[in-house]
Amino acid sequence: MTLLLQATEVREEFDWIYLPAPWVIFLIVVPLVVLLVAAVYRRERLAGNHWARWPLVALRVAVILAILAFLAQPVLRTVTYQTRDPQLIVLVDDSLSMGIVDKFSNREIPARVAEMLDTSPEVIEQITRYGLVDRLLGRVDGSGGGEGASLLAQLRKKMNVSVYTFAGSARKIAEIPREGRRRGEGDVIFTGLPDLDRVQADARVKETKIGDSVLETLLDHRGDALAPQDHGVVAVVLFTDGQNNSGVLQPEEMAFKIKQRGIPLLVVGLGNPDPPKNIRVVGLDVDDVVLVGDEVSFDASIVTEGFRGENVQVDLLVGNELVDRDYVSLEADGVKQTVRLEYTPKRPGDFTVTVQVEKLGGELFWDDNTFSRSVKVLDQKIKVLYVEGPPRWEYRYLKNALIRDPTMEARILLLSADRKFRQETSEGLEPLVQFPATEQELFEYHVLIIGDVEPGLQDPSGRPFRDNLELIQRFVGDSGGGVVFIAGPRANPQGYLHTPLYPLLPVEIAESGTDFSKRIITDRFHVELTGAGKQHPVMRLDSDADRNSQLWENTDGVVENHLPGFYWFAEVKKAKLAAIPLAVHEDLSHPVHGRRVIFAVQNYSKGKVFYSGVDNTWRWRAGVDNLYFYRFWGQVIRWAASGRLLGKTPRYSLATDKQIYTIGERVTIDARIFDANMEPSKDPTTTVYHRVKGRDFEPPSAIELQLNPAREAGAYEGAITASQLGSHDLWLGTEAEPVAFLSFTVEVPPLEFRDPRLARERMKKVARLAEGKYYDLHGVRSIGEYLVERAQPRKIPVAERQDDLWDEYWVLLLFTGVIAAEWVLRKLARLL
């Protein structure tokens, strides 16, 4: 550290190296020596020379004390003193919690802070805690001046100021000399605190060590700052919310240590002292692709803390247009509740859909009151081909649902029907007379539903179904089509083992299994949703997650609370590794592989596959007509069709490794790109654009992804750091026109935000233990008044020379003279 010194003064000081305490000398040593010598001379016979007794005692005492003085090693120190300006240390908390923008239910707090910083309360509630300190400290330039209202410009009028930031450890930011002292050439001394976005990408800010950091700063400022001698530090000013969540030394212990060294601690509290409150939109469930004229449900998931019983407004926006609004009464803390909003798209295009909950006073964050997703709206109908073997009950109700749905163009092919039977279709379509025989014919469809069709069963043209299996495989793998398997006791899925359809199936089939056609089940059963099943859009029959689980699962035994059970299912081995089981049997398990899979999904190359292991969902119509039956199969078909609806083969795809990150985490980005001929891109790099939602006034940042030939063809990868809270957008394309789009959310980590409020009472106690003072942010200007009396220049030793006196010649002569005087006197007294 550079010391700014003034006048020099040289002093000579007499000292002893091994001198005992004064009370030992005068109360013990000197009396003992006198008594001992006096006792000795009292026994001497002076033969009439009694006048010499006490002079001899005095000389003998002087000799003994002189010997003791030599042993104490007297020295003469020549010390050079220089005057140092008083030193102030300022520490600013830059941990993750300093990125919070506080919202105050007590309106007096932002009003007083705004008055101090000459702005409005509304502006104050848009600035982070860290940003408020940055504004308060101000700027100081090298010409000796600074912003007139800045706190640093005021403090440096009387003292030097060192500025540090701290979280898990301390970092020096600047040394600002006292006004009128030039540290050196250069125009800028303090240009403000480091940029918060860059700071909070550092791993050290994920924890706060207040006690350790203060002592680390003092040691860095001067190696002996914690030693008892005069160290020149007049005070430590600590800007923090007081949340100490790590470290060896607690703030109270630190306060006691610096009190012993005479360093007062001035604590400035940052943040809202009220218990944390917040409303978070944590998810938005909607299909990636919807159709013009289709009534689309948007299920927003909301979690709250501290607002139980409050009624809030929830808006649904498409772009900037408000399309639906609802009001919801908030439930207990931490409970996820779902709000369903609806909208019927009237035109095609790519839209950003946002759910927005109104902002309430006292919220911890406002950034997480919104959640956005990208939705593609198409002006077309879903083309469905349903192939079935026997006319079972599942077929009878499902084909009616398909041909009645105004968003679909459905053709039904019942292979067991007579050749003269007119196959059913949606209104205005020609009936089929055979299964599509060419790619051109089959690839016109978005979704193919395969019922209980035996491979040898023939269509009306006499062509067996097995002749179509390779074509169906290409329909899924090459064109991105969707396939739905509905199990049956005749052939599906066990009849497709060792056929081109088997790779498409999400489940594994045993080589030989139960004779399903002869098995009779009289007891109905229900399913249990897996973790993925509870979140998957196909299985969402009710917007409320708990109610949805209750519909599927017979948890309470009350018939009215759940769907009718099933009476048959296909006993497959297990889900394939690449598949996602959505629901399993409530009781029965495979001897090795666990619960029997009932519903599962799988991505196969560019297409999507859904598997239903039951064939009696038509029973769900009991008492509610088509409500759940139509909803379920409509969601299945829309999900399976999404690959084709996005384009015959999507040229661009974009993904992140997670949907939700904590701040400071690494966001891994993957992209796949094909050229116009559907050949994988071979360019060495590609660009992804990134923007924090709500900052549309800023240009997006460009992120370069690198081609990774070791992975799939056309695969690119890269990463960024989640350095800002809130919702983030990523897209491929240009700055203005995305061709592939996704969003992710950056949330707070549990340690640093476990309790992010201002720990005011604890910080008052810490300041009191250190014999300092506590200040709320709006009262921080009075720190200067406290420091004026203490900000006096101090003289410190900077050089020292030591001369030994005990081995000087004149000391020897003096000692010899005293001994000689005693000898002469003893001679005169006839004691020799």
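Below: a short report on this structure. (Residues numbered from 1 in each chain as written. Predicted model: local features only at pLDDT ≥ 70, side-chain atom pairs only at ≥ 80, totals over all residues. Heavy atoms only, no water.)

What follows covers the packing of aromatic side chains. Counted under the stated rule, the structure contains 24 aromatic pairs. Taken together, Phe525, Trp552, Phe566, Phe569, Phe599, Phe610, Trp620, Phe632 and Trp633 form an aromatic cluster joined through their ring pairs. A cation over a ring is seen here: Lys576 above Tyr502, with NZ or CZ 4.1 Å from the ring centre. (Phe/Tyr/Trp six-rings, centres within 6.5 Å; stacked < 30°, edge-to-face > 60°. Lys NZ or Arg CZ within 6 Å of the ring centre and 35° of its normal.)

Attention shifts here to the pattern of salt bridges. What the rule picks out here adds up to 27 salt bridges. For the salt bridge of Asp299 with Arg340, the shortest nitrogen-to-oxygen distance reads 2.7 Å. Taken together, the residues Asp299 in strand S12 (residues 296–305) and Arg340 in strand S15 (residues 336–343) connect sequence positions 41 residues apart. Judged by its relative accessible area of 3%, Asp299 is buried. Owing to a relative accessible area of 23%, Arg340 belongs among the partly exposed residues under this scheme. A salt bridge links Arg325 to Asp315, with the nearest nitrogen and oxygen atoms 2.6 Å apart. Of the two residues, Arg325 is situated in strand S14 (residues 321–329) and Asp315 in strand S13 (residues 311–318); the sequence distance between them amounts to 10 residues. On the basis of relative accessibility, which here comes to 38%, the residue Arg325 falls in the partly exposed class. With a relative accessible area of 7%, Asp315 lands in the buried category. Residues joined in a network through salt bridges with shared partners are Asp102, Arg129 and Asp241. (Salt bridge = Lys/Arg side-chain N within 4 Å of Asp/Glu carboxyl O. Helix = DSSP H or I, 4+ residues; strand = E, 2+ residues; numbered from the N terminus. Buried < 20%, exposed > 50% of the residue type's maximum accessible area, 1.4 Å probe, protein only.)

Looking now at the sheet that holds strand S19 (residues 408–414). Taken in spatial order, the 8 strands line up as S19-S18-S20-S21-S27-S26-S25-S23 in an open sheet, and their pairing is mixed. The open sheet has two edge strands, S19 and strand S23 (527–529), and neither has a second partner. Strand after strand, the sheet turns through a mean of 20 degrees between neighbouring axes, direction not considered. In this structure, strand S18 (residues 382–388) lies alongside S19, joined through 7 bridges in parallel fashion. Pairing of Leu385 across the sheet is with Arg411, part of S19. Docked against the sheet, helix H10 (residues 393–404) engages S18, S19, strand S20 (447–450) and strand S21 (482–486), running at close to 150 degrees with respect to S19. (Pairing = 2+ DSSP bridges. Axes fitted to C-alpha atoms, helices over the stretch in contact; angles between N-to-C directions. Contact = heavy atoms within 4.5 Å.)

Now for a nonpolar patch on the surface. On the surface, Trp23, Phe26, Leu27, Ile28 and Leu32 cluster together into a nonpolar patch covering about 610 Å² of accessible area. Relative to the elements of secondary structure, Phe26 occurs in helix H1 (residues 22–42). On the basis of relative accessibility, which here comes to 59%, the residue Phe26 falls in the exposed class. (Patch = residues over 30% accessible without salt bridge, like charges linked within 9 Å, V, L, I, M, F, W, Y side chains within 5 Å. Areas by Shrake-Rupley, 256 points an atom, 1.4 Å probe, with all protein chains shown as cover.)

This next bit is on H10. The end-to-end C-alpha separation of H10 is 17 Å, in line with the 16 Å expected for 12 residues at 1.5 Å each. If you check which residues of H10 are buried, you get Glu394, Tyr395, Leu398, Lys399, Asn400, Ala401 and Leu402. In this structure, the buried side of H10 is in contact with S18, S19, S20, S21 and helix H15 (627–645). (Expected span 1.5 Å × (residues − 1).)

What follows deals with helix H12 (residues 469–477). Where H12 is concerned, the buried positions are Leu469, Leu471, Ile472, Phe475, Val476 and Gly477. Structurally, H12 contributes buried residues whose contacts are with helix H11 (439–442), S20, S21, strand S26 (594–604), strand S27 (607–612) and H15.

Another aspect to go through is the packing of helix H9 (residues 251–260) against helix H16 (residues 760–769). Running from N to C, H9 and H16 point in directions that differ by 20 degrees, and their axes come no closer than 8 Å. Comparing the axis directions of H9 and H16 gives the class roughly parallel. For H9 against H16, the interelement crossing comes out right-handed. In contact with Pro251, Glu252, Met254, Ala255 and Lys259 of H9, H16 contributes Arg762, Met763, Lys765, Val766 and Leu769. (Parallel < 35°, antiparallel > 145°, perpendicular 65-115°, else oblique. Left-handed = near helix turned anticlockwise from the far one by under 90°.)

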